[in-house]
Amino acid sequence: MWVEIVMLANLARQPAHGYELRHRVEQDLGTALSNNSLYPTLRRFTEAGAVTRSAQPQRGRPTRHVYEITPVGVEMLHDMLAELPDELASDDAEFMARLAHFDRLTPAERAAILDARCRALLCRRGRLQELLTTVEPASWARIVLDEALARSHAEERWIATLRSRAALPLED
């Protein structure tokens, strides 16, 4: 779902043709977006009425299609951003995609996203601590588990610092 969020958020900023949208998403995320995920998603958005597609003729080149978000798409984007189900909350990309667009959410919606992530981190910490009891103290597995636990604690501290900013009202 994070790819859909990022694509709609980009189209909410400015209409784009497929290649341009792919490039902007890659710039935002530092992650390559394949045509195999880009165009089927754009097709689904178009069929759902979230995006319009208009042909733009080009001199001496094939016609390109420009995609523009609709009011339905803006509402869909908001709904996707405002909800982070527990089963997705442990996924880094899902959380970060929402966090990157907190400016579109109310303080209560932001808090709910942070709460969902904290629940996921708490679960992760419990699993890691349980696994730590099963590995040898000097093993490589112990080093990995210790690092994963440290990262989880660091993210919990980071989220605590985000809470005050997330509580601020929406900016116009």
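Residues numbered from 1 in each chain as written. Predicted model: local features only at pLDDT ≥ 70, side-chain atom pairs only at ≥ 80, totals over all residues. Heavy atoms only, no water.

**Digging into the overall build of the chain**
Check the secondary structure of the chain and you find 8 helices and 3 strands. Ordered by position from N to C terminus, the α and β elements of the chain give α-β-α-α-β-β-α-α-α-α-α. In terms of overall size, the chain is more extended than a compact globule, its C-alpha atoms giving a radius of gyration of 20 Å where 172 residues would be expected to give roughly 16 Å. For the chain, the spread of C-alpha atoms along the principal axes amounts to about 65 × 40 × 25 Å. Relative to its full complement of 172 residues, the chain shows a buried share of 35%. Contacts in the chain between residues at least 24 apart in sequence constitute 56% of all its contacts with a sequence separation of at least 6. Accessible area of the chain: about 10500 Å², with a carbon and sulfur share of 54%. (Helix = DSSP H or I, 4+ residues; strand = E, 2+ residues; numbered from the N terminus. Rg over C-alpha atoms; globule rule 2.2 N^0.38 Å. Buried < 20%, exposed > 50% of the residue type's maximum accessible area, 1.4 Å probe, protein only. Contact = heavy atoms within 4.5 Å. Areas by Shrake-Rupley, 256 points an atom, 1.4 Å probe, with all protein chains shown as cover.)

**Some points on helix H3 (residues 35-48)**
Taking 1.5 Å as the rise per residue, H3 with 14 residues should run 20 Å; its terminal C-alpha atoms sit 20 Å apart, in good agreement. Buried within H3 we find Leu38, Thr41, Leu42 and Phe45. On an axial view of H3, the arc spanned by its buried residues comes to 105°, and they lie on one face. H3 presents Asn36 and Glu47 as exposed residues on the side facing more than 90 degrees away from its buried surface. (Expected span 1.5 Å × (residues − 1). Arc of directions from axis to C-beta.)

**Quick word on the confidence of the model for the chain**
As a note on interpretation, predicted positions should not be read in detail where pLDDT is low. Chain-level statistics for the chain give a pLDDT mean of 93 and a share of 99% at 70 or above. At the low end of the mean pLDDT range in the chain sits helix H2 (residues 18-29), at 86; at the high end sits helix H4 (residues 71-82), at 97. (pLDDT = per-residue confidence, 0-100.)

**Re a negative patch on the surface**
On the surface, a cluster of negative charge is made up of Glu75, Asp79, Glu83 and Glu87. Here Glu87 lies in helix H5 (residues 86-89). Residue Glu87 is classed as exposed on the basis of its relative accessible area of 63%. (Patch = residues over 30% accessible without salt bridge, like charges linked within 9 Å, V, L, I, M, F, W, Y side chains within 5 Å. Salt bridge = Lys/Arg side-chain N within 4 Å of Asp/Glu carboxyl O. Lys, Arg positive; Asp, Glu negative; His and termini not counted. Charge placed at Lys NZ, Arg CZ, Asp CG, Glu CD.)

**Regarding the packing of helix H7 (residues 107-132) against helix H8 (residues 140-166)**
Running from amino to carboxyl end, H7 crosses H8 at an angle of 160°, the nearest separation of the two axes being 10 Å. It follows from the interaxial angle that H7 and H8 lie roughly antiparallel. The two elements H7 and H8 meet at a crossing, and its hand is left-handed. Class assignment of the residues belonging to the contact of H7 with H8 gives a composition of 15 nonpolar, 3 polar and 11 charged. (Axes fitted to C-alpha atoms, helices over the stretch in contact; angles between N-to-C directions. Parallel < 35°, antiparallel > 145°, perpendicular 65-115°, else oblique. Left-handed = near helix turned anticlockwise from the far one by under 90°. Nonpolar A, V, L, I, M, F, W, Y, C, P; charged D, E, K, R; others polar.)

**Some words on the sheet that holds strand E1 (residues 16-17)**
Overall, antiparallel pairing links the 3 strands, which are arranged E1-E3-E2 in an open sheet. Taken across any chain shown, the strands that pair with only one partner, and hence form the sheet edges, are E1 and strand E2 (51-58). (Pairing = 2+ DSSP bridges.)

**Structural notes on the pairing of E2**
Sheet analysis places E2 next to strand E3 (residues 61-69), joined by 7 bridges and oriented antiparallel. Residue Thr52 lies in a different strand from E3, and its bridge partner there is Glu68.

**Side note on the side chain of His101**
Position of His101 relative to the elements: it lies in the loop between helix H6 (92-99) and H7. Those residues in contact with His101 that sit more than four places away from it in its chain are Ile5, Ala9 and Leu81.

**Topic: helix H1 (residues 2-13)**
In a regular helix each residue adds 1.5 Å, so 12 residues correspond to 16 Å; H1 covers 17 Å between its end C-alpha atoms and thus fits that length. Regarding H1, the residues found buried are Val3, Ile5, Val6, Met7, Leu8, Ala9, Asn10 and Leu11.

**Some remarks on the pairing of E3**
When E1 meets E3, the two strands line up antiparallel, connected through 2 bridges. The residue bridging Ala16 from the neighbouring strand is Tyr67, located in E3. Connecting the antiparallel pair E2 and E3 is a turn made up of 2 residues, with Gly60 showing a positive phi of about 70°.

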